[in-house]
Each structure stands twice: as structure tokens, then as C-alpha cells.
Amino acid sequence: MSRIAKYPVPVPKGVEVTLAGGNISVKGPLGVIARAADPNVGVEREGEQLLFKVVGNSNHADAMSGTMRALVSNMVTGVTKGYEKKLSLVGVGYRAQAQGDKLSLTLGFSHPVVHQMPKGIKVATPTQTEIVISGIDKQLVGQVAAEVRAHRPPEPYKGKGVRYANETVVLKETKKK
């Protein structure tokens, strides 16, 4: 059995976990997330904890037990606290503006870049050079942040572009004659 799967996932008060038909549904104060359960992993509820057991005796089942435990733990955290990614814009004239479910970016192109947010993702711009992407699905929040960053990733000579708030960009030295 995987080391991660040995630890139970605590279910806090106010969170409902439904195990039915090969699906795991977690409902909390921030929303509902559902995911298909792997058939190689057995999920059991014991009091205020979820336990994960390997079904069968294969390496794939062993690996998936730890994966399912991590995914369900992220689901429980998402519906209780939520997830957020912070991005910052570095560069002269680089600006961001949230307009409902759209993010309008001015990144030095001849046109503004408009990024449509998927359902369940909220975007905020506390300042013109900061973007906060939040939601209950950890994978989706990270994917949207990566898509926004991909519009203008940090370049290696001046460091201009869209970067994560805690990202450090190592600058290259320019050519010498």
C-alpha cells in the first residue's frame, strides 16, 4: 500500500461526502465537487474519516490508492477553504482588469488579450499588476493560472511578463562585444 494512502482523510463538520455508483461527491460551504473513483481503490467512511484500501494486488492499484487519497483530500480542502493562485505583471504598460468572468490583459501586443474564465473560477485584480485566481478545484485553478501566464511568460533578459507571485526569474546576461 502506498504511504500516502495509509493516512485517513479527516472530514470536517459541515462537509458531506457521498460515495455512490463509483463517484465521490464532496459538498461543503463553498460548493460541490464530484469525481469518478478508481475501481482499484476502495473508499470507506469510518466516523469522521475516509479510509482508502487497495482492491487487488497490482502496482497500479497501489499507486492509485495514494493518488485517490490525495485527490479526495484536495476536494475536502477546496470545499472548506478554497484555492487561489496569485500572478503578477512585470513590465512597463502591462495591466490587468477583471470584468465579471473575463480577464482583460494589456501585455504589449497591439490588441488587448481577453481570457474567459471557466465555470467555478473567480478572478480579481486588487491592483493593475496583480491577478488573483480562486476556486474550489485545485487542478482547475492551477490550469487557469498556467493559461494566463502562457499569454506572456517571463522573458529571460529583462524578466518582463506574467509570473506567479512567488516565482523567481533568473536573468541572463546580455551579449558583450
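Residues numbered from 1 in each chain as written. Predicted model: local features only at pLDDT ≥ 70, side-chain atom pairs only at ≥ 80, totals over all residues. Heavy atoms only, no water.

(A) Quick look at the pattern of salt bridges. Applying the stated criterion across every chain yields a total of four salt bridges. A salt bridge links E48 to R45; the nearest nitrogen and oxygen atoms lie 4.0 Å apart. Assessed through its relative accessible area of 48%, E48 is described here as partly exposed. According to the relative accessible area criterion, R45 is partly exposed, its value standing at 37%. Across the pair E84 and K86 runs a salt bridge whose closest N-O atoms are separated by 3.8 Å. For E84, a relative accessible area of 47% gives the class partly exposed. (Salt bridge = Lys/Arg side-chain N within 4 Å of Asp/Glu carboxyl O. Buried < 20%, exposed > 50% of the residue type's maximum accessible area, 1.4 Å probe, protein only.)

(B) Highlighting helix α1 (residues 59-80). With 22 residues, α1 extends 32 Å between its outermost C-alpha atoms, agreeing within 8% with the 32 Å of an ideal straight helix rising 1.5 Å per residue. Three or more residues of α1 are buried, namely A61, M64, S65, G66, M68, R69, V72, S73, M75, V76, G78 and V79. As for α1, its buried residues are in contact with β1 (9-10), β3 (23-28), β4 (31-36), β5 (41-46), β6 (49-54) and β7 (83-90). Trailing α1 by a residue or two, G82 shows a phi angle of about 85°, which is positive. (Helix = DSSP H or I, 4+ residues; strand = E, 2+ residues; numbered from the N terminus. Expected span 1.5 Å × (residues − 1). Contact = heavy atoms within 4.5 Å.)

(C) Spotlight on the side chain of S104. With respect to the helices, strands and loops of the structure, S104 is situated in strand β9 (residues 102-106). In contact with S104, other than residues within four places in its own chain, are R95, A96, Q97, Q99, P112, V113 and V114.

(D) Main features of the pairing of strand β10 (residues 113-116). Because side chains alternate across β10, one face comprises the buried residues V113 and H115, and the other comprises V114 and Q116, none of which is buried. Strand direction decides the pairing type here: β9 and β10, joined by four bridges, are antiparallel. Along β10, the bridge assignment pairs K102 with Q116. The turn linking β9 back onto β10 is made up of six residues, and G108 within it adopts a positive phi angle of 90°. (Pairing = 2+ DSSP bridges.)

(E) Examining the sheet that holds strand β11 (residues 121-124) more closely. Pairing within the open sheet is antiparallel, and its four strands lie in the order β11-β12-β7-β13. The outermost strands of the open sheet, each flanked by one partner alone, are β11 and β13 (161-164). The average undirected angle you get between the axes of adjacent strands in this sheet is 25°. The pairing of β7 with strand β12 (residues 130-135) spans six bridges and is classified as antiparallel. When the sheet's bridge partners are listed, S88 is paired in β12 with E130. Those strands touched by helix α2 (residues 138-150) are β7, β11, β12 and β13, and its axis lies near 10° from that of β7. (Axes fitted to C-alpha atoms, helices over the stretch in contact; angles between N-to-C directions.)

(F) Highlighting the side chain of D38. With respect to the secondary-structure elements, D38 resides in the loop between β4 and β5. The side chain of D38 sits in the buried core without any salt bridge; R35 is the nearest counter-charge, 10 Å away. Engagement of the side chain of D38 in a polar contact is seen with the backbone nitrogen of N40, the distance being 2.8 Å. The residues touching D38, leaving out its near neighbours within four places in the chain, are H60, M64 and M68. (Lys, Arg positive; Asp, Glu negative; His and termini not counted. Polar contact = N/O pair within 3.5 Å; in protein donor to acceptor, adjacent residues only side chain to side chain.)

No statement about biological role is implied by the geometric values presented.
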